[in-house]
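Below, each chain spelled out in residue letters.
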Amino acid sequence: MYESQIEAAKEKFGKLLEGQLKRVDTMKAQGDFLNYKELDKIIVGVCGGDGIGPAITAQAQRVLEYLLKEDVKAGKVEFKTIDGLTIERRAAEMAAIPPAVLEELKECHVILKGPTTTPRKGDEWPNVESANVAMRKELDLFANVRPVRIPEQGIDWTFYRENTEGSYAVGSQGIHVTEDLGVDFTVVTSQGCERIIRAAFEFAKANGKTRVTAVTKANIIKTTDGKFLDIFREISKDYPDITADDWYIDIMTAKLVDEKRRRDFQVLVLPNLYGDILTDEAAEFQGGVGTAGSANIGKRYSMFEAIHGSAPRMVTEGRDKYADPCSVIRAAAMLLAHIGYNTEADKLYKALDICTITEKKMEITGRDTGCTSAEFADYIMETVEKLD
Ligand code: IPM
Ligand code: MG
């Protein structure tokens, strides 16, 4: 019974293991982080994505060009617009990222990316893999860094979400063994755990943080989460001045709501899927996922993005010019800090706070009752100008 199905499943599983072992070899051979200071020119790719993406990303690019105008003029920074990461083209080519687009992305050092549509079962698009997830894998962007800050509540969290492994590594390669049995896989590697956990501790050390918390479900998912936790404990020994503790994901989701305890957390490091879930919850306290920026960092490439979706309906209704560009502009501020423009990044963060929280001279409503994205970007640039 079922022999042929089991054989077919084994063959697929074998292929999957081959792919993952190749990835381990690549990680073993990997050098250090790119040093932007050593580059003659930093190439910033601007990849609009889908739906409202091109409209809001163009505004973020204007703000970046304004802040970096001297260095753009001097040829030290160059912007490169990358079109074609749209769901229409991805569906036509049946590729998560069309190969020509991937080549263009690889010519950049850092990328600012708009939202991309992820097809889901039952909608009009074929089942191509998420462009987001594919980009993280293709460019090996292993650290997804998501800060959440609510100063008036004493909240200052930085999430280090592992971005290339866990349930996402082979998320589109699960196996339907028979009509009734489906299996997905969770993948962990020593190298993958080490690099994300070390990145979290290094961030803590460099930023005066005193606590790093690992979040797993190692009591149940013993092999993969167990390995993550073992490596966390091992690496924590290299940082004796930092308190290292660990929580299970279920109670962690509860603790984030606990006003007495939640401000104790500082840096959290966690496998991919738990990071996906917990960072949405965390961003909600700050005003929703639309207010959060996200950095996807690897050794050679880095990509910065908003966490919200592509809102295709706003485009069909002709409202994309009223879309809120703040989240992708916040991602642009993270990009600036990452490539060493800390003064410019700080100014942009300050201006964003003034324009969206304290002064709020203009309002974005997503329709013609509010200002356009371009007007809001102007407002941000005028505010930066006044900071000087
Ligand atoms: C995120 C998103 C993505 C993810 C989706 C769009 C594939 O939810 O960046 O958190 O699941 O990682
Ligand atoms: Mg998510």
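One can find the structure itself at the top, above this paragraph.
Keep in mind that this is a model prediction, so the values were computed, not measured.

A. Spotlight on the site of ligand 1. Close to ligand 1 lie Thr118, Ser130, Asn132, Val133, Arg136, Arg146, Arg161, Tyr168, Asp276 and Ile307, which account for all nearby residues. In this structure, an oxygen atom belonging to ligand 1 sits 2.7 Å away from a side-chain N or O atom of Tyr168. For ligand 1, an oxygen atom lies 2.8 Å from a polar atom in the side chain of Asp276. Protein contacts shield 77% of the accessible area of ligand 1, which totals 320 Å² for the unbound molecule. Put simply, ligand 1 lies in the second largest pocket. For the shell around ligand 1, the leading source of residues is helix H6 (residues 131-138), giving 3 residues. The residue makeup of the shell around ligand 1, split by class, is 3 nonpolar, 3 polar and 4 charged.

B. Representation of the nonpolar core. Judged by nonpolar contacts, the single largest core of 69 residues is most densely connected at Leu112, Tyr160, Ile197, Val212, Val269 and Leu348. When residues of this core are assigned to their parent elements, the largest contribution, 9 residues, is made by helix H12 (residues 326-338).

C. Summary view of the layout of surface pockets. The volume enclosed by the second largest pocket comes to roughly 1100 Å³. Going through the elements one at a time, H6, strand E6 (175-176), strand E7 (182-183), helix H10 (272-286) and strand E12 (302-306) are the ones with two or more residues in the lining of the second largest pocket. In terms of residue count, H6 provides more of the lining of the second largest pocket than any other element does, 3 residues in total. Taken together, the residues of the lining of the second largest pocket sort by class into 12 nonpolar, 17 polar and 12 charged.

D. Representation of H10 within the structure. Compared with the 21 Å implied by 1.5 Å per residue over 15 residues, the 21 Å span of H10 between its first and last C-alpha is a close match. Taken as a whole, H10 has its buried residues at Asn272, Tyr274, Gly275, Leu278, Thr279, Ala282 and Ala283. When H10 is viewed along its axis, its buried side chains cluster within an angular range of 150° and face the same direction. Those residues of H10 hidden inside the fold are in contact with strand E4 (143-150), strand E5 (155-162), strand E8 (211-216), helix H8 (224-236), helix H9 (249-255) and strand E10 (267-270). Gly287, located one to two residues past H10, shows a positive phi value of around 130°.

E. Up close: the pairing of E5. Within E5, 7 of the 8 residues are buried, which leaves it mostly tucked inside the rest of the structure. One ladder, built from 8 bridges, connects E4 with E5; its direction is antiparallel. For Arg149, the partnering residue across the bridge sits in E5 and is Asp156. Hairpin connection between E4 and E5: a loop of 4 residues separates the two successive antiparallel strands, and Gly154 in this loop has a positive phi of roughly 75°. Relative to E10, E5 is paired through 4 bridges, and the arrangement is parallel. Directly across from Tyr160, in E10, lies its bridge partner Val269.

How each quantity is defined
- Residues numbered from 1 in each chain as written.
- Chains lettered and ligands numbered in written order.
- Predicted model: local features only at pLDDT ≥ 70, side-chain atom pairs only at ≥ 80, totals over all residues.
- Heavy atoms only, no water.
- Near = heavy atom within 4 Å.
- Polar contact = N/O pair within 3.5 Å; in protein donor to acceptor, adjacent residues only side chain to side chain.
- Areas by Shrake-Rupley, 256 points an atom, 1.4 Å probe, with all protein chains shown as cover.
- 1 Å grid on protein atoms, 1.4 Å probe; cavity = no way out; pocket = protein on both sides within 12 Å on 5 of 7 lines; lining within 4 Å.
- Sits in = over half its atoms within 2 Å of the grid points.
- Helix = DSSP H or I, 4+ residues; strand = E, 2+ residues; numbered from the N terminus.
- Nonpolar A, V, L, I, M, F, W, Y, C, P; charged D, E, K, R; others polar.
- Core = buried A, V, L, I, M, F, W, Y, C linked by side-chain atoms within 4.5 Å.
- Buried < 20%, exposed > 50% of the residue type's maximum accessible area, 1.4 Å probe, protein only.
- Points joined across faces, edges and corners; volume = space filled by probe spheres on them.
- Expected span 1.5 Å × (residues − 1).
- Arc of directions from axis to C-beta.
- Contact = heavy atoms within 4.5 Å.
- Pairing = 2+ DSSP bridges.

These figures come from the coordinates and say nothing about function on their own.
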